[in-house]
Amino acid sequence: MKNIKEIAFGPVPSRRLGRSLGVNNIPPKICTYSCVYCQLGRNLKMSKIRQAFYDPEDVFNAVKIKVEDVLSRKEKIDYITFVPDGEPTLDINLGKELSLIKTLGIKVAIISNSSLIDNPDVQNELMGFDLVSLKVDAVSNDIFKKINRPFKGIELDNILQGIRDFSSSF
Ligand code: SF4
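Not measured: the values here are computed from a predicted model.

Thresholds applied
Residues numbered from 1 in each chain as written. Predicted model: local features only at pLDDT ≥ 70, side-chain atom pairs only at ≥ 80, totals over all residues. Heavy atoms only, no water. Near = heavy atom within 4 Å. 1 Å grid on protein atoms, 1.4 Å probe; cavity = no way out; pocket = protein on both sides within 12 Å on 5 of 7 lines; lining within 4 Å. Sits in = over half its atoms within 2 Å of the grid points. Nonpolar A, V, L, I, M, F, W, Y, C, P; charged D, E, K, R; others polar. Core = buried A, V, L, I, M, F, W, Y, C linked by side-chain atoms within 4.5 Å. Buried < 20%, exposed > 50% of the residue type's maximum accessible area, 1.4 Å probe, protein only. Helix = DSSP H or I, 4+ residues; strand = E, 2+ residues; numbered from the N terminus. Salt bridge = Lys/Arg side-chain N within 4 Å of Asp/Glu carboxyl O. Pairing = 2+ DSSP bridges. Right-handed = clockwise from strand over helix to strand, strands pointing away. Points joined across faces, edges and corners; volume = space filled by probe spheres on them. Arc of directions from axis to C-beta. Contact = heavy atoms within 4.5 Å. Axes fitted to C-alpha atoms, helices over the stretch in contact; angles between N-to-C directions. Left-handed = near helix turned anticlockwise from the far one by under 90°. Expected span 1.5 Å × (residues − 1).

Next up on the list: the site of the ligand. Around the ligand, the structure places Cys-31, Tyr-33, Ser-34, Cys-35, Tyr-37, Cys-38, Leu-40, Leu-44, Gly-86 and Asn-113. The cavity where the ligand resides is the largest pocket. Here the residues of the shell around the ligand are counted per class, giving seven nonpolar, three polar and no charged.

The biggest cluster of nonpolar side chains holds 41 residues, and the ones touching the most others in it are Val-63, Ile-80, Phe-82, Ile-101, Leu-126 and Phe-129. Elements supplying a minimum of two residues to this core: β2 (18-23), β3 (30-31), α2 (56-72), β5 (79-82), α3 (94-102), β6 (108-112), α4 (120-126) and α6 (156-169). The leading source of residues in this core is α2, at six residues.

Our next topic: the pattern of salt bridges. In the structure shown here, the tally under the stated rule is nine salt bridges. Of the charged contacts in the structure, one is a salt bridge between Lys-135 and Asp-137, with a shortest N-O distance of 3.4 Å. Residue class for Lys-135 comes out partly exposed when judged on its relative accessible area of 37%. Here the salt bridges do not stand alone but share partners, grouping Arg-19, Asp-69, Arg-73 and Glu-75 into one network.

All right, on to the pairing of β5 then. Going residue by residue along β5, you find Tyr-79 and Thr-81 tucked away on one face and Ile-80 and Phe-82 tucked away on the opposite face as well. Pairing of β5 with β6, which is carried by three bridges, proceeds in the parallel orientation. Within β6, the residue paired with Thr-81 across the bridge is Ala-109. Regarding topology, α3 serves as the crossover connection from β5 to the parallel β6, and that connection is right-handed.

Another aspect to go through is the layout of surface pockets. Over the atoms a probe the size of a water molecule is rolled, and this reveals where empty space is left. In this structure, the largest pocket encloses a volume near 660 Å³. The wall of the largest pocket is formed by 22 residues, among which Tyr-37, Pro-84, Gly-86, Ile-111 and Lys-135 lie closest to the centre. Here the residues of the lining of the largest pocket are counted per class, giving eleven nonpolar, six polar and five charged.

A word on α3. Turning to α3, its buried residues are Leu-94, Glu-97, Leu-98 and Ile-101. Seen along its axis, α3 keeps its buried residues to an arc of 100 degrees; they face one direction. Residues of α3 that are buried sit in contact with α2, β5, β6 and α4.

Attention shifts here to empty space enclosed by the protein. Enumeration according to the criterion identifies one cavity of 30 Å³ or more in this entry. Roughly 50 Å³ of internal volume is contained in the largest cavity. Lining the largest cavity, in full, are Tyr-33, Asn-113, Ser-114, Lys-135, Val-136, Asp-137, Phe-144, Asn-148 and Ile-159. Here the residues of the lining of the largest cavity are counted per class, giving four nonpolar, three polar and two charged.

One can describe the packing of α2 onto α3 by two numbers: an axis separation of 9 Å at closest approach and a directional angle of 35 degrees. Crossing handedness for the pair α2 and α3: right-handed. Contact residues: α2 offers Pro-56, Glu-57, Val-59, Phe-60 and Val-63, while α3 offers Lys-96, Glu-97, Leu-100 and Ile-101. Residues that form the contact of α2 with α3 fall into these classes: six nonpolar, no polar and three charged.

The terminal C-alpha atoms of α6 lie 21 Å apart, and with 14 residues this matches the ideal 20 Å at 1.5 Å per residue to within 8%. All of the buried residues in α6 are Leu-156, Ile-159, Leu-160, Gly-162 and Phe-166. Seen from one end, α6 has its buried residues packed into an arc of 160 degrees, which puts them on one side. Away from its buried face by more than 90 degrees, α6 exposes Asp-157 and Ser-168.

Next up, the structure:
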């Protein structure tokens, strides 16, 4: 099993999410973008192909152990949040991990850069979350390309339409 500290961290205080226990469901620095402001630096492994990174049971067990530890200290957890150092929807096991983590009875959130939101599988998986944060930095293609430097084939128009489609039913 992966090191628990690598997969589950916190809880950390968040303005929007209260006390948020973080889930690193992908290894660091794997992203669909290479944003000019990224704190991870420029040596990201870029991709737009969803893939398996960890065994979903390992992710669940790491989160469960962390949750039990936090609750045993009488500390509060408002959300369990998928917020890795990269793009969480690149994880093809996202839906499986979410189903397992929901059995813990705590609300689950995800913070995404929206790049794969036009993918119907991603939309279906995100429907299971209690809170979905879809971020966009720009609504003009020029600025999008300059700021986010997306992986080849990721188009702003598709992202904006994907957000409209998802938000119409979420
Ligand atoms: S989306 Fe986030 S992780 Fe990805 S390059 Fe931009 S700032 Fe870095």
